[in-house]
Amino acid sequence: GNSVTQMEGPVTLSEEAFLTINCTYTATGYPSLFWYVQYPGEGLQLLLKATKADDKGSNKGFEATYRKETTSFHLEKGSVQVSDSAVYFCAVSNAGNNRKLIWGLGTSLAVNP
Amino acid sequence: ETGVTQTPRHLVMGMTNKKSLKCEQHLGHNAMYWYKQSAKKPLELMFVYSLEERVENNSVPSRFSPECPNSSHLFLHLHTLQPEDSALYLCASSRGLSGTTDTQYFGPGTRLTVL
């Protein structure tokens with residue numbers, strides 16, 4: 001079945017540093033790929049998504065590109081802020097059916113001023 | 001974002017208590033979900049409802065009993081829980097169940113502690 005491997009955290013960066021959080025997946029067919037973010041004390045929020053190969057999802061300065069050849073969906077941001085401190089989750093859907101998302105373990109990011 | 005609300009936000013209960021978690025979505029969605037979030041584990045899908053009908057039950061113990069009286073409300077009834085059931089319980093909704101555009105929107109969760 002589908003699976004997601006996400007880099008372990010915690011990740012600690014200084015403000016304005018470059019961020020990469022790696023995510024690789026195994027899947028059959030053509031799944032959709034997601035990044036969700038969970039701020040302290042809150043539920044998960046969709047950050048960005050991509051639904052087909054070579055699509056780039058972007059939001060709030062974050063980007064991730066659907067790379068089918070490397071089965072990856074790495075999250076990047078050029079300059080992080082303290083307010084980006086949160087837990088980031090990579091998720092993969094079954095092709096054509098978003099009922100069952102397969103989740104990574106989450107990567108905690110702490111950004112220091 | 002207040003599209004999906006959950007009450008209570010925190011709940012402490014004994015193993016013999018009966019309590020209920022409530023979720024309400026204001027997005028006009030047709031599908032609702034219960035997830036369990038535990039430390040060091042991937043998010044676990046518990047139940048899925050579509051148009052008030054349960055369409056998925058992922059081998060969840062019977063001490064968890066979901067109820068979906070309409071497409072806007074979802075409950076999780078709890079009884080005789082175990083300490084290992086302590087976790088953050090998240091509710092989510094989506095427009096439907098099929099199609100790659102049906103993003104799931106999450107509530108803030110209920111932090112449950114079972115003593």
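Up top you'll find the structure we're talking about.
Note that the structure is predicted; figures quoted are calculated from it, not measured. (Residues numbered from 1 in each chain as written. Chains lettered and ligands numbered in written order. Predicted model: local features only at pLDDT ≥ 70, side-chain atom pairs only at ≥ 80, totals over all residues. Heavy atoms only, no water.)

Visitor: Would you explain the overall build of chain A in this entry?
Guide: Scanning chain A for helices and strands turns up zero helices and 12 strands. Counting helices and strands in the order they occur from the N terminus, chain A gives β-β-β-β-β-β-β-β-β-β-β-β. On C-alpha atoms alone, chain A measures out to a radius of gyration of 13 Å, which is about the 13 Å that the 2.2 N^0.38 rule sets for 113 residues. Expressed along its principal axes, the backbone C-alpha trace of chain A runs to roughly 45 × 25 × 20 Å. Sorting the 113 residues of chain A into buried and exposed places 43% on the buried side. (Helix = DSSP H or I, 4+ residues; strand = E, 2+ residues; numbered from the N terminus. Rg over C-alpha atoms; globule rule 2.2 N^0.38 Å. Buried < 20%, exposed > 50% of the residue type's maximum accessible area, 1.4 Å probe, protein only.)

Visitor: Help me understand the packing of aromatic side chains, please; the structure alone is not making it clear to me.
Guide: The description of two aromatic rings rests on the distance between their centres and on the angle between their planes. Under the counting rule described, the total for this entry stands at 11 aromatic pairs over all chains. Between A:Y36 and B:F106, the ring centres sit 5.5 Å apart and the planes meet at 80°, which makes this aromatic pair edge-to-face. Taken together, the residues A:Y36 in strand β5 (residues 33–38) and B:F106 in strand β10 (residues 105–106) connect one chain to another. Assessed through its relative accessible area of 0%, A:Y36 is described here as buried. By relative accessible area, B:F106 is classed as buried at 9%. For the ring pair B:F64 and B:Y89, a centre distance of 5.8 Å and an interplane angle of 35° mean the geometry is tilted. A residue pair is termed long-range when its members are at least 10 positions apart, and B:F64 in strand β7 (residues 64–70) and B:Y89 in strand β9 (residues 87–94) qualify at 25 residues. (Phe/Tyr/Trp six-rings, centres within 6.5 Å; stacked < 30°, edge-to-face > 60°.)

Visitor: Can you walk me through unusual backbone geometry in this structure?
Guide: In most cases, non-glycine residues show a negative phi, while peptide bonds are predominantly trans. Between A:G9 and the following residue, A:P10, the backbone shows a cis peptide bond with an omega angle of 0°. With respect to the helices and strands, A:P10 occurs in the loop between β1 (3–6) and β2 (11–14). Residue B:P8 is bonded to the preceding B:T7 through a cis peptide linkage, with omega at -10°. Looking at where B:P8 falls in the secondary structure, it is placed in the loop between β1 (4–7) and β2 (10–13). In this model, A:K60 sits at a positive phi of 55°, which is unusual for a non-glycine residue. Within the element layout of this structure, A:K60 appears in the loop between β7 (56–59) and β8 (62–65). Positive phi values are uncommon outside glycine, yet A:T71 reaches one of about 45°. Along the chain, the position of A:T71 falls in the loop between β8 and β9 (75–77). Note on A:T71: relative accessible area 29%, which makes it partly exposed.

Visitor: Even after reading the chapter, I still don't get the nonpolar core, so can you show me in this structure?
Guide: Soluble, globular proteins show a tendency: their nonpolar side chains are buried together. All names here are of chain A. Core analysis: the biggest nonpolar cluster contains 26 residues, and L19, W35, L47, L48, F73, L75 and Y88 have the highest contact counts within it. Those elements that provide at least two residues to this core are β2, β3 (19–21), β4 (23–26), β5, β6 (44–50), β8, β10 (86–94) and β12 (107–112). The greatest single-element share of this core, amounting to four residues, is contributed by β10. Not counting residues up to four positions away in its chain, the partners in contact with L47 are W35, Y36, V37, N59, K60, F62, L75 and Y88. (Core = buried A, V, L, I, M, F, W, Y, C linked by side-chain atoms within 4.5 Å. Contact = heavy atoms within 4.5 Å.)

Visitor: Got a minute to help me understand the sheet that holds β7(B) in this structure?
Guide: Within a sheet, neighbouring strands are paired by backbone hydrogen bonds and run either parallel or antiparallel to one another. Residue and element names in this part refer to chain B. Pairing is antiparallel across the open sheet formed by four strands, whose spatial order is β1-β3-β8-β7. The open sheet has two edge strands, β1 and β7, and neither has a second partner. Ignoring strand direction, the axes of neighbouring strands in this sheet form an average angle of 20°. With seven bridges connecting them, strand β3 (residues 18–25) and strand β8 (residues 73–79) associate as antiparallel partners. Bridged to K18 within β8 is H79. (Pairing = 2+ DSSP bridges. Axes fitted to C-alpha atoms, helices over the stretch in contact; angles between N-to-C directions.)

Visitor: So what exactly am I meant to see when it comes to the sheet that holds β9(A) here?
Guide: All names here are of chain A. The strand order across the open sheet built from four strands is β3-β9-β8-β7, with neighbouring strands paired in antiparallel fashion. Each end of this open sheet is capped by a strand with a single partner; those strands are β3 and β7. Between one strand axis and the next, the sheet turns through 15° on average, direction left out of account. Taken together, the three bridges between β3 and β9 define a ladder with antiparallel strand orientation. By the bridge assignment, I21 is partnered in β9 with L75.

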